[in-house]
Amino acid sequence: MKIYQANILFTPSPEKLEVLEHGYVVVGDDGNVVSTYSTLPVEYQGHEVINFGDRLLLPAMNDLHVHAPQYRNHGIAMDMELLPWLNTYTFPEESKYKDVAYAKRMYSRFVHDLWSVGTMRAAIFATIHPDASCLLADLLNEAGMGGLVGLVGMDRNGPDSLSNTAKEAVDGTLRLMEHTASMPLVSAIVTPRFVPSCTPQMMTALGQLAREKKLPVQSHLSENPSEIAWVAELEPESTCYGDAYLRYGMFGQTPTLMAHCCYTDGEEFELMRKNHVFAVHCPTSNCNLGSGIAPIRRFLTAGIPVALGSDISGGSGFSIFKVMQYALQMSKLQWRKSQQKEAFLSLSEAFWLATKSGGSFFGKVGSFEPGYAFDAVVVDDAALNFDNYSLPHRLERYIYLGDDRQLTHCFCQGKEIAEPKLCC
Ligand code: GUN
Ligand code: FE
């Protein structure tokens, strides 16, 4: 058992920011939260307390959409919209991951950078390459961090250097599944890149795999107008983009993440609601690639689950705190665009999206309620807290103004996570 003392903030529900000034969190030997307390109950008195003083203790960040093999491209090459951007910058870079030594160099940096911004769990796209994908799982596991790693299926409209067959995608995913079987926090996720990259054979094979092995699914949905028009041409029998996943058993038949959903409406919206498909909001990417603004308020009102994603390298930075800031700001543009009908996000809603809502895809993750995994970050915001700000305002200032310099400790499933090593 471990007992930590700090200024504790978490969101049991979207509108409820729980604040415990100099409170306590008791963590069991299984790495799960026993409970939080404002004053330590007598039964724990005399037990060692690890005191973080005036620092903030927050649930760690969850990144529900990120491309590890786009590491080298993050922060550059954002001068095109989606389809030319993929062909010009992204596919050539991802092709390099056939070389495991290159993959090791980049993936070790990727894991390091997730850690540096307090992201302890992520849903990750790897590439078509099984060796490099297993290596990524190893690096996450060695770091003690959690994640879903997807071997990408793509058998049309890409370069030969970045294409696999349906059989290779299935075999590679099965290999990743076996490879991660003994890892406590890392596992495989079925990953068709997006409809334009996947023939009906690929979609059929991956849908069957997800169903048979009860694996979750991740992909992209309704990100960009040209992409949506292309899907309508490629899949004329589908009634909407989402239906092109549904027909193959990859739209909520098992837990499903769909990144972007900027233009999701009508039937697709209804299908997401009915099938509990997660909309993964990637506002930094949507700005950089000029994609659009996802109608987050409408998703939340309808009960469609929503999480946040960095979408490196459409997104330019790793920090989910920064993604929260963009989600808040984009929601205000959407509020105006909707003639003030779609209320903008509150700070506590944005924080909940990054923590409890996103974390729910991994189980009981993202809160400090009893039974939740103790995934946490410690923030020393003394430099930002130069006058007596309230704790909610300190959280807000950290979201808007903070960075990795203020993050002093990370925990995942109860264990403190040391700085992952860079390879070469
Ligand atoms: N759609 C298909 N592939 C990608 C990708 O790598 N990034 C983004 N943002 N959208 C995609
Ligand atoms: Fe993406």
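Residues numbered from 1 in each chain as written. Chains lettered and ligands numbered in written order. Predicted model: local features only at pLDDT ≥ 70, side-chain atom pairs only at ≥ 80, totals over all residues. Heavy atoms only, no water.

Caption draft 1: Quick peek at the sheet that holds strand β13 (residues 278–281). Taking strand neighbours across the sheet as the criterion, the four strands line up as β11-β12-β13-β14 in an open arrangement whose pairing is parallel. What marks the edges here is a single partner per strand, and that holds for β11 (217–221) and β14 (306–308). Ignoring which end each strand starts from, the neighbouring axes of this sheet average 30° apart. With three bridges joining them, β13 and β14 adopt parallel strand pairing. Directly across from A279, in β14, lies its bridge partner V306. (Pairing = 2+ DSSP bridges. Helix = DSSP H or I, 4+ residues; strand = E, 2+ residues; numbered from the N terminus. Axes fitted to C-alpha atoms, helices over the stretch in contact; angles between N-to-C directions.)

Caption draft 2: Spatial organisation of the sheet that holds strand β4 (residues 50–59). Pairing is mixed in the open sheet, where seven strands are placed in the order β3-β2-β1-β4-β15-β16-β17. One side of each edge strand has no neighbouring strand; the edge strands of this open sheet are β3 (33–37) and β17 (415–416). In this structure, strand β2 (residues 16–27) lies alongside β3, joined through four bridges in antiparallel fashion. Among the inter-strand pairings, V25 is bridged to a residue of β3, identified as T36.

Caption draft 3: Expanded view of the site of ligand 1. In the vicinity of ligand 1, the contacting residues are H67, Q70, L82, W85, L86, R193, F194, H220, E223, H260 and D311. Residue Q70 places a side-chain N or O atom 2.8 Å away from an oxygen atom belonging to ligand 1. One nitrogen or oxygen atom from the side chain of H260 is found 3.5 Å from a nitrogen atom belonging to ligand 1. Under a 2 Å grid-point criterion requiring more than half of the atoms, the pocket assigned to ligand 1 is the largest cavity. Element by element, the count of residues in the shell around ligand 1 is highest for helix α1 (residues 82–95), at three residues. A breakdown of the residues in the shell around ligand 1 according to their chemical character gives four nonpolar, four polar and three charged. (Near = heavy atom within 4 Å. Polar contact = N/O pair within 3.5 Å; in protein donor to acceptor, adjacent residues only side chain to side chain. 1 Å grid on protein atoms, 1.4 Å probe; cavity = no way out; pocket = protein on both sides within 12 Å on 5 of 7 lines; lining within 4 Å. Sits in = over half its atoms within 2 Å of the grid points. Nonpolar A, V, L, I, M, F, W, Y, C, P; charged D, E, K, R; others polar.)

By themselves these figures say nothing about function.
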